[in-house]
Amino acid sequence: MMKIAIIGSGYVGIVTGIGFAELGNHIVFIDIDKNKIDKINSSQPPIFEDGLEGLMKKNNGNFYATNDYEVIQDTNVVFICVGTPSKNDGPIDLNFVKDASKKIGRNLKNNFQVVVVKSTVIPGTTEEIIKPILEKESGKKAFKDFGLAVNPEFLREGNAVHDFFNPDRIVIGVKDEESKSILEKLYSPFECPKLTTDLKTAEMIKYTSNAFLATKISFANEIGNICKKLGIDSYKVFEGVGLDHRINPEFFRAGIGFGGSCFPKDVRALISKAEELNENPKLLKAVMELNEEQPLKLIELLKKHIPDLGGKTIGVLGLAFKPNTDDVREGRAVPIIRTLLKEGAKVIAYDPKAVKNFKKLFPEIEYTSAEKVLESDAILIVTEWEEFKNLDYNGKIVIDGRRIEKAKEEARIYEGVCW
Ligand SMILES: NC(=O)c1ccc[n+]([C@@H]2O[C@H](COP(=O)([O-])OP(=O)(O)OC[C@H]3O[C@@H](n4cnc5c(N)ncnc54)[C@H](O)[C@@H]3O)[C@@H](O)[C@H]2O)c1
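Calculation rules
- Residues numbered from 1 in each chain as written.
- Predicted model: local features only at pLDDT ≥ 70, side-chain atom pairs only at ≥ 80, totals over all residues.
- Heavy atoms only, no water.
- Helix = DSSP H or I, 4+ residues; strand = E, 2+ residues; numbered from the N terminus.
- Buried < 20%, exposed > 50% of the residue type's maximum accessible area, 1.4 Å probe, protein only.
- Contact = heavy atoms within 4.5 Å.
- Areas by Shrake-Rupley, 256 points an atom, 1.4 Å probe, with all protein chains shown as cover.
- Lys, Arg positive; Asp, Glu negative; His and termini not counted.
- Charge placed at Lys NZ, Arg CZ, Asp CG, Glu CD.
- Right-handed = clockwise from strand over helix to strand, strands pointing away.
- Pairing = 2+ DSSP bridges.
- Polar contact = N/O pair within 3.5 Å; in protein donor to acceptor, adjacent residues only side chain to side chain.
- Near = heavy atom within 4 Å.
- Salt bridge = Lys/Arg side-chain N within 4 Å of Asp/Glu carboxyl O.
- Expected span 1.5 Å × (residues − 1).
- Arc of directions from axis to C-beta.
- Axes fitted to C-alpha atoms, helices over the stretch in contact; angles between N-to-C directions.
- Parallel < 35°, antiparallel > 145°, perpendicular 65-115°, else oblique.
- Left-handed = near helix turned anticlockwise from the far one by under 90°.
- Nonpolar A, V, L, I, M, F, W, Y, C, P; charged D, E, K, R; others polar.

K.L.:
Help me out: how do you make sense of the overall build of the protein chain in this one?
P.N.:
Each helix and strand in the protein chain was counted, giving 16 helices and 14 strands. Here the C-alpha coordinates of the protein chain stretch approximately 70 × 45 × 40 Å along the principal axes. A buried classification covers 56% of the 419 residues belonging to the protein chain. Taking the intrachain contacts of the protein chain between residues at least 6 apart in sequence as the baseline, contacts between residues at least 24 apart amount to 69%. Accessible surface, the protein chain: about 18,700 Å² in total, of which carbon and sulfur atoms supply 51%. The protein chain carries 59 positive and 62 negative side-chain charges, and their two centres are separated by 2 Å.

Shown next as structure tokens:
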């Protein structure tokens, strides 16, 4: 059993902490958001993630939450899981990481504690930014008096609890033997491949994984756009392409592009770092450019059938950036709804989990039931929630950004973005 502090109890922090609690460790969550602290202390998940509430109830007693960093004095491992957003749409914003590092540094004790950077940070950040802060605030030496490691997170929102217990791999970036052996012990219940690297290689693995996945989506969309013009179903094309074992069939879901709190900001941060190094990352820039244009394809197809959107009621199915989450950060619904409103349409929308978060971005649109959305002049499918596979699309105009087969079969007028 280890005593673990989790700094930042958002999507990554809460799932990681509760996952480790389930494996028999004792967890203390530290956050600056009082609302999240109260929720965790009453065993309520601070975010929606399937299976999380059950695990919290089950492990109630093995964790608590606070805003007081002093509690980390009594822990063996401290995970930094705070957000690392984009600064003005470009470079990484390290303010949360720096603030957390300062407060951790002030509370490092004499026994050897390992600080583990789980937040996604640009290669070099742990050694060049986090380490000096920890050393200054603690008066101790990294890799000697305390440990420092990088352990990037690969969980997918919507499948996060499953992914915690069934990772494809665990990457551990270390420099000192003691941090390595503590993390090996912590991760010993997992049987997946474990890769040990130096600190900045571990940081780079995370960015490279996200950049590749984002590239795969933009590639699928570019091919999908060509297929659409040729009257070819790109899903059939990628079925054929994915059978090549060098390529693999996963993640070729052509549609309206990627959103979320990771791919867009991580690719932007990598572009920005590359430019700082006098490299021109042409491919990554094209990936982002394509992704920004892709959601507007849905409007283009809608206007083929309703050229003037002024005064028309357009129904949006799905606001979350992907199914099974309440996260709306950089969701494709944002540019789509912004454009609809600009064109003078009345927008009504439904999402099973994300309405509360989306209302903060668009208080002016109407939030309603799926059935009511189906009564609109036209329906746009923006997120592929499972329940959208059972709606009655008979007689409707449906413009589909996510490939819902039932809509394809039933709608009176149906357009798919890349098929
Ligand atoms: N969300 C994902 O799917 C995912 C997957 C892999 C990696 N990541 C990375 O993990 C990190 C966290 O992402 P997230 O989605 O969980 O973020 P989040 O915004 O959901 O959560 C971050 C939490 O940190 C808290 N926080 C901010 N500053 C703090 C401080 N000084 N002390 C204590 N708490 C503080 C916030 O209140 C918030 O609760 C990011 O670097 C992200 O890129 C995210």
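K.L.:
Before we go on, may I ask you to explain the pairing of strand β5 (residues 114-117) in this structure?
P.N.:
Looking along a regular strand, one sees the side chains alternate between the two faces of the sheet. Neither face of β5 is exposed, since Val 114 and Val 116 on one face and Val 115 and Val 117 on the opposite face are all buried. Taking the sense of rotation as the criterion, the β-α-β connection linking strand β4 (residues 77-80), helix α4 (residues 95-106) and β5 turns out right-handed. In the sheet, β5 pairs with strand β6 (residues 147-150) via 4 bridges, with the strands oriented parallel. Residue pairing for β6: Val 115 is matched across the bridge by Leu 148. Each parallel crossover has a hand, and for β5 linked through helix α5 (residues 125-138) to β6 it is right-handed.

K.L.:
Got a minute to help me understand the sheet that holds strand β9 (residues 313-317) in this structure?
P.N.:
Pairing is parallel across the open sheet formed by 6 strands, whose spatial order is β11-β10-β9-β12-β13-β14. Only two strands of the sheet have a single neighbouring strand rather than two, namely β11 (366-367) and β14 (413-416). Sheet analysis places strand β10 (residues 346-350) next to β11, joined by 2 bridges and oriented parallel. Counted as the bridge partner of Ala 349 is Tyr 367 from β11.

K.L.:
How should the pairing of strand β8 (residues 194-197) be read in this particular structure?
P.N.:
For strand β7 (residues 170-173) and β8, the ladder comprises 4 bridges, and the chain directions are parallel. Counterpart to Val 171 in the pairing with β8 is Leu 195. Regarding the hand of the β-α-β motif, the stretch spanning β7, helix α7 (residues 177-186) and β8 is right-handed.

K.L.:
In this structure, what is going on with the environment of Ser 119? I would like to understand it.
P.N.:
Mapped onto the fold, Ser 119 is located in the loop between β5 and α5. Looking at Ser 119, the relative accessible area reads 9%, which means it is buried. Sequence separation between Ser 119 and Ile 80 is 39 residues; the distance between their C-alpha atoms is 6.1 Å. Leave out the neighbours within four places in its chain, and Ser 119 touches Ile 80, Cys 81, Val 82 and Thr 84. Of note is the side chain of Ser 119, whose polar atom sits 2.6 Å from the backbone oxygen of Val 82.

K.L.:
Looking at this model, I keep getting lost on the site of the ligand. Mind explaining?
P.N.:
Around the ligand, the structure places 29 residues, and the nearest of them are Asp 31, Tyr 69, Thr 84, Glu 157 and Lys 265. One of the backbone N or O atoms of Tyr 11 is found 3.0 Å from an oxygen atom in the ligand. A distance of 3.0 Å separates an oxygen atom of the ligand from a polar side-chain atom of Arg 329. Contact with the protein chains covers 93% of the free accessible surface of the ligand, which is 840 Å². Within the residue set of the shell around the ligand, elements represented by two or more residues are α1 (11-22) and α4. With 3 residues, the single largest contributor to the shell around the ligand is α4.

K.L.:
Teacher, can you tell me more about the pattern of salt bridges here?
P.N.:
Pairs may arise between side chains of opposite charge once their charged atoms sit close together. In this structure the tally under the stated criterion is 31 salt bridges. A salt bridge links Asp 244 to Arg 246, with the shortest nitrogen-to-oxygen separation between them at 2.7 Å. Residue classification places Asp 244 among the partly exposed residues on the basis of a relative accessible area of 22%. With its nearest N and O atoms 3.4 Å apart, the salt bridge here joins Lys 372 to Glu 366. For Glu 366, a relative accessible area of 30% translates into the label partly exposed. Counted as one network, the salt bridges with shared partners bring together Glu 157, Asp 327 and Arg 329.

K.L.:
Help me understand helix α11 (residues 282-293), please; the structure alone is not making it clear to me.
P.N.:
Quick reminder: α-helices carry 3.6 residues per turn. Residues three or four places apart thus point the same way. Taking 1.5 Å of rise per residue, the 12 residues of α11 would be expected to cover 16 Å, and the 17 Å separating its terminal C-alpha atoms lies within 8% of that figure. Of all the residues in α11, the buried ones are Leu 284, Val 287, Met 288, Leu 290 and Asn 291. In an axial view of α11, the angular spread of the buried residues amounts to 160°, which keeps them on one side of the axis.

K.L.:
Looking at this model, I keep getting lost on the packing of helix α8 (residues 199-230) against α11. Mind explaining?
P.N.:
Between two packed helices, the angle of one axis relative to the other and the distance separating the axes together describe the packing. The contact between α8 and α11 brings their axes to 9 Å, and the two run at 55°. Classified by the angle between their axes, α8 and α11 sit oblique to one another. Between α8 and α11 lies a crossing of left-handed hand. Listed contacts from α11 to Ala 211, Ala 214, Thr 215, Ser 218, Asn 221 and Glu 222 of α8 are Leu 283, Leu 284, Val 287, Leu 290 and Asn 291. Among the residues making up the contact of α8 with α11, the classes are represented as 6 nonpolar, 4 polar and 1 charged.

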